Each structure stands twice: as C-alpha cells, then as structure tokens.
Amino acid sequence: MLNLILILTGKLLSFISVYLNLGNGSTWPGHIALNINPDFAGEILKKSKTKIILITGTNGKTTTAKILESILEKDGKRVLTNKSGANLLNGIASSLIMEAGANGKVNKDYAIFETDESALSEVASRLTPDFLIALDLFRDQLDRYGEVDTIYKNWKSIYSDLKGKTKFILNGDDPRIAYLGMETDVDAKYFGLDEPAFKTNIPQYAADSSICPRCSHTLEFKPLYFSHIGVWECPSCGLKRPRISLNKSPSYPLEGIYNIYNTLASVLTAQELGVEKEAIEKGLIDFKPAFGRQEELNIDNRKVKLFLSKNPTGFNESLRTINSLKAGYLLIVLNDRIPDGRDISWIWDIDFENLLKTKTTINLAGDRVYDMALRLKYAGLKTLNFEDLDEAINNVLEKVSEGETLYILPTYSAMLEVRKILTGKKIL
Amino acid sequence: MKSAISNQKSLIIGWLYPDLMNTYGDTGNITVIKKRCLWRGINAEIKSIGLNSNEKDLLSCDLLLMGGAQDTQQEIVAKDLKRKKDALKETIEKGIPGLYICGGFQYLGNYYKTADGHKLEQLGVLDMYTENPGRKRLIGNIAVETEIFGGKKILLGFENHGGRTVLGKTIVPLGKVLKGFGSNDKDKEEGAVYKNTIGTYFHGPILPKNPFLADYLIKKALEIKYGEEISLEKLNDELAEKARKTIAKRLSIAI
C-alpha cells in the first residue's frame, strides 16, 4: 500500500514539476520514494515479477546490456533498461514510478541495469538481482572510484550476501572476477575465450591483476589476450581458470577482443534464461551499437566511427581494433571533466609505442590536448593539436575523401561533445 | 683520436618492481628518462629490479625509480624490500639519484600506520613517518614551488593519497604547496629530499610536465658515474610548457 501511495505521489509530483516547468522531474520523485522506503525499487520489481539483471565491471557494461536487450526482445520479451550513473537507484525508482500502472506493477519481463563498480554493493543489496554479470576489473578513474583493491573488497561482501538468491555470470578469464566467484562459492557460470590466435606478446604494463588472487604469486597466462585477461594459472598454488561454460558465440556484432567478451557474457546469460538459439542468433544480427561504442555516423558520404576510450585497457583495445581496420584518419579527444575522471595520468599507461604503428599525423583535441600531445611525442608519433574541438573536427573532415572513414577516440564527455557537433543537436 | 662511440655515455636506470609498483601511470617517468637520454645520445638501459633480483643488481644502477601501488602489491614488495634494504640504503647514502613516488616514497620512512591502526615498520632510510588516518584521500591537481633544482621552479601534477607523511628534522621538503594538499593536510609542504633522493606524492606522472626534474636526475646520475661536471644539451620542451600552462591556468597560478 505504501508503495502505491509513493507511485501515485511520485507521478503527481512529476506532473506538477513538468507543468510548472521546474525541470524534467527525472530523478527526484525516485529520490523521495527511496527516502521513505529504501527498498521501493526492489519491491515494485518483485511484485511485477520482473527479473532483475545487474551488469557490472570497468569496461563493456553498456555494450553487454545492449546485446542482451536485443536478444531478449527477439525472444518476445519486454525489457526495461537504465543507464549507469551516480544516482542509479534514484533513476531506477523514478523510471518505475513513471512506468507503473494503477496496480503498482510495471509491465516488463526483464530489467537490465548497468551498475558502476563502486555502486554495486548499494544497488545489489537493495534490488537482490536474479542475475549478476561481472565483466572485468581494470583501473579506471582512480580519483573517483578508488583503487581496484578497494572495489574488490566491497564486492566480496555483497557476493556473500547474494549467495543462494542470485545467479552469477562471470568472466573466467579475469583472475579476480573468477576467483571471487570461486572463493565465495556462489552459483556461478563462467565465460572465457579459447582462441590462441588472439594471443598478445607485448608486455602489459597496465595490468592490475597479474598476481594470483589466492597466494599473490605471479600468474602464468597460456595465452594472454590483453591486460590481465587470458587463460590463467598459478604456478605456485595451482589455482587456475574455472571450468568455462561458453567460449564461442554464433556471431560477434562488434570489432575487438573486448567485444567478444561482452558478447559471450550476453549469450551465456540468455542461455541461462532459457532463450532459444534462434532468438540469440537474430538478436546478435540485429544489434545496434550504443552511443559512441563503435557507433558509425555518416557525414556527407564520409564515415565517422566513434570508439569511446576512457581507460588504458579500453584505449589499448581501441588502438588494436583501429590498427586492424587500417585507419587513415585518427582524432583523439582527451577531456578531464568529472565523468572522464580528473586524473589523466592513465594516458601514460596506454601502449602507443607498440599499438600505434603509423606514419600519418594524429589529430588531437580536448581540454588536455597538450598532455596527450606530450604523451605521443614521447611515443615518437607526430601530432596536429587543436585547442578547439569544432575546428579539429572540421579541419580533419575536410581531408577525408568520400567513402573514407575518420576514427575518433574520445573520453566520455568528449564523446558527447563530438556527437553534438556531428549531429548538430545536444545529446544527454 | 677518440671515436664518437667511445665517448658515448650510458646509464643503467633501475626500475623498482615494474610489475607491482606501477599504478597511476608511473610508467611515464621511465619513458621520459629513457627518451631524454636517447635524444641526447646517452645510452639508457632500463633494468627491472623485481622479486627475482638481488642486491648486486640494485647496486649496479646509476639512477633509481619507484612508483606507487595498491595494498596487496605493496605488502609483497615490503616483504621483498627487507632483503634488499642494505643495498638500497647504500645507494641512497652514496648519492645515487632516485625518484620515489607515493607508495615508493612511504617505504623510505620509519613506519607506516594503516587506517586500522597497524604500525608497519618501513626501511628507515629517510627520517620521516606516514600515517593513514582513514579520513578522505587527498586528491586533485597540485602545484609546488621548489628551489632544489637551481632557481625558483614550479612542479605541477596530480596527487591521490590516503597516507599523510610527516618529515623529521634531518631532511628537507621538496617544496612549498601553492595549490593542493601536499605530504599531509597540515604543514603545506610536499615531498622530501635527502642527498640526491627525491620522494613525492606527485602522480601525473611527475616527469613529463616537469622536464627540469627529469634532467636534474639524469645530470646527477651522469656526474656521479663519470666524476665530472655535466652540462646537458637543451631539448625542445614546448609541448610540456603548453601542457603546464593549461593546468596553471586552471589553478590560477603564474608559472
């Protein structure tokens, strides 16, 4: 009954707020509801018999959510999704208020929520998900999220709380993600890759868990795919990658090894939910990428491809993919605003030396354009530096001939700016 | 007649625990030292000093660099460093230049007190101690004024640390904090200098945007190795200057 009152009050508040032009009323009705009943969102979803799927990890949340959504929709299911962000629970509660009917239920089969690494404990304890997908743990915005170790400790306690209630879909090739599942003995299925052809021989200095999560000895990878991701084994205590339930997908909608992992995570979850093979295949084929994640835009018959690149591992993998596509035109945009992380020291962990073998000039822009220029200078690469992003895009696009592609690697806020300039309208 | 090759100078740069102590882009400091040597025709060999190295390896280095790390890694390194303590002390006392960042800096002190009150004994090479009160981490852009490198210079970078370091009477700070927090949130001082050893909380990493510090380390290392005064060829640091201006403007300071 309380929740029904909260829903109706929330709808009314939202209506008044829109009517009086007090803002778009997006998260504060949810904020109020959660203040009165902290379990509001979880209770509404349980009552509606909506299955809750949380996706967490440093890289790949948005893409994994999108692929899974595409598959479930092909299976004829109604799916509710939400973008990741600081006010995640408020946002979820607000969208439930808007979606709920007079019976206090939402008419959705599944709710897929992306959850930032640092918010997982709070969100999972309030929602008690049916599924939890953990993709990877890399260093990302150390100034905001803290070090990887701190996050790992928080996750461990929430895993134990969810034991017996939640099914875990985990990346078996990320040693810590895998070991957390093994150590807490939760009901888990693991995905992983067995493709020796994707092996890397370059030392991975930005790796965060090259040591055994049980005994701290240096791990061996046979092979290593990137960063600390691969078929791992500890030569000292014998701990090794758990048994893998899925190592292949019928097809892969996006380029890059990291997207193979995102696809495997989505397909394994779909299989565990009992989705038929045909729906999985169709969902993969009809998949449309999310904002800025290898999204392709057409500008006067020239293609622009956006590769959101916001931490060293993601950036390295973008470079590898771009190299394999033989990119001729490249623009890197580095911002240091709050959504990007204020600390840009991570650009020195990007392996430009080994991954960007090019003689072409690289175009640079963004709030910290000269820091990136300095980084590339020390990597022996030539750059053209623009203080103004508009000017950078126009200047580079002029050089691209019809039918050719410009590749843009932006940080998060830079990606929104680039899209705004390219599409001529603001995207939130 | 001497050939050009026999005149070529070379340095062995010891990188302490590269696979364990390398968080926050510390790799960049190695890149900068190496390139600034190579651009001047100085041969620079990077030698990794890790769990499998011995004291002799450490003593063979002309310049030492050590980065920061996360807790798990720091425990492993602390254990191993005890084995190499005497050699490290010897190099530092001999005046072998070194740059120790964050976790690497804290090791050099007398003790480190964790947020839950455990007092961990450190190497005791520098007269200082670090305590982590468990309060908020000190995070943000930082500017420090220093006169260690000849004339007034401003160091620019990014700090992110939980530990607060307090210096004893026998060592001097690296400089005075103009913007940011520094070694602790009280005395407005940052880092420490003892002989040619420099400890600091600067990430960023510190050397790319503060090339005068990189050159100071290279010069000292060469002077000690070759026993003669060295004057380094000037390099084009225009991009570093522009990157410095961006952050100085942000912090509203003149550089």
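Owing to the predicted nature of the structure, the values given are computational and were not obtained by experimental measurement.

A.B. asks: How would you explain the sheet that holds strand β9 (residues 153-161) of chain B if you had to name every residue and give the values?
C.D. replies: All names here are of chain B. Spatially, four strands are ordered β9-β8-β11-β12 in an open sheet, and the strand pairing comes out antiparallel. Of all strands in the sheet, those bounded by a partner on one side alone are β9 and β12 (189-190). Bridge count between strand β8 (residues 138-146) and β9: nine bridges; the pairing is antiparallel. By the bridge assignment for β9, Ile142 is matched with Gly157.

A.B. asks: How would you summarise the sheet that holds strand β9 (residues 293-299) of chain A if you had to cite specific residues and measurements?
C.D. replies: Residue and element names in this part refer to chain A. Pairing in this open sheet of six strands is mixed, and the strands run β9-β10-β14-β11-β12-β13 from one edge to the other. In this open sheet, the two strands that pair with only one neighbour each are β9 and β13 (383-385). Taken pair by pair, the neighbouring strands of this sheet meet at an average axis angle of 25 degrees, ignoring direction. Looking at chain direction, strand β12 (residues 362-365) and β13 are connected through three bridges and run parallel. By the bridge assignment for β13, Leu364 is matched with Asn385.

A.B. asks: Just give me the short version of the domain arrangement of chain A, but keep the residues and values in it.
C.D. replies: Residues and elements named next belong to chain A. By domain assignment, chain A separates into domain 1 (2-285) and domain 2 (293-423). In this assembly, 24 residues from domain 1 lie in contact with 23 residues from domain 2. Taken together, the connections running from domain 1 to domain 2 amount to five residue pairs in polar contact (both at pLDDT 80 or more). Broken down by secondary-structure element, the contributors of at least two residues to the side of domain 1 that touches domain 2 are α4 (61-74), α7 (142-145), β7 (220-226) and α10 (257-272). A per-element tally of the side of domain 1 that touches domain 2 places α10 first, with three residues. For the side of domain 1 that touches domain 2, the residue count by class is ten nonpolar, nine polar and five charged.

A.B. asks: With reference to specific residues and values, describe unusual backbone geometry.
C.D. replies: Here the amide bond leading from Lys222 of chain A into Pro223 of chain A is cis, since omega sits at -5 degrees, within 30 degrees of zero. Structurally, Pro223 of chain A can be placed in strand β7. Cis geometry is found at the peptide bond from Gly204 of chain B to Pro205 of chain B, where omega equals -15 degrees. With respect to the secondary-structure elements, Pro205 of chain B resides in the loop between β14 (197-200) and α6 (206-209). Positive phi values are uncommon outside glycine, yet Lys326 of chain A reaches one of about 55 degrees. As for its position among the elements, Lys326 of chain A is in the loop between α12 (312-324) and β11 (329-333). The phi torsion at Lys188 of chain B lies on the positive side, around 55 degrees, for a residue other than glycine. Looking at the element boundaries, Lys188 of chain B is found in the loop between β11 (175-179) and β12. Classification of Lys188 of chain B by relative accessible area gives partly exposed; the value is 43%.

A.B. asks: Which residues make up the pattern of salt bridges, and what values go with them?
C.D. replies: Applying the stated rule across the entire model yields 32 salt bridges over all chains. One salt bridge connects Glu272 of chain A with Lys189 of chain A, and the closest N-O pair in it is separated by 3.5 Å. Remark: Lys189 of chain A occurs in strand β6 (residues 188-191) and Glu272 of chain A occurs in helix α10; sequence separation between them is 83 residues. With relative accessibility at 26%, the residue Glu272 of chain A sits in the partly exposed group. Classification of Lys189 of chain A as partly exposed rests on a relative accessible area of 26%. A salt bridge links Asp215 of chain B to Arg36 of chain B; the nearest nitrogen and oxygen atoms lie 2.8 Å apart. Of this pair, Asp215 of chain B sits in helix α7 (residues 211-226) while Arg36 of chain B sits in helix α2 (residues 27-38), placing them 179 residues apart in sequence. Each of the salt bridges in this network shares a partner with another, and the network as a whole consists of Asp336, Arg368 and Asp371 of chain A together with Lys209 and Arg250 of chain B.

Conventions adopted
Residues numbered from 1 in each chain as written. Chains lettered and ligands numbered in written order. Predicted model: local features only at pLDDT ≥ 70, side-chain atom pairs only at ≥ 80, totals over all residues. Heavy atoms only, no water. Pairing = 2+ DSSP bridges. Helix = DSSP H or I, 4+ residues; strand = E, 2+ residues; numbered from the N terminus. Axes fitted to C-alpha atoms, helices over the stretch in contact; angles between N-to-C directions. Domains from an automatic or database assignment. Contact = heavy atoms within 4.5 Å. Polar contact = N/O pair within 3.5 Å; in protein donor to acceptor, adjacent residues only side chain to side chain. Nonpolar A, V, L, I, M, F, W, Y, C, P; charged D, E, K, R; others polar. Buried < 20%, exposed > 50% of the residue type's maximum accessible area, 1.4 Å probe, protein only. Salt bridge = Lys/Arg side-chain N within 4 Å of Asp/Glu carboxyl O.

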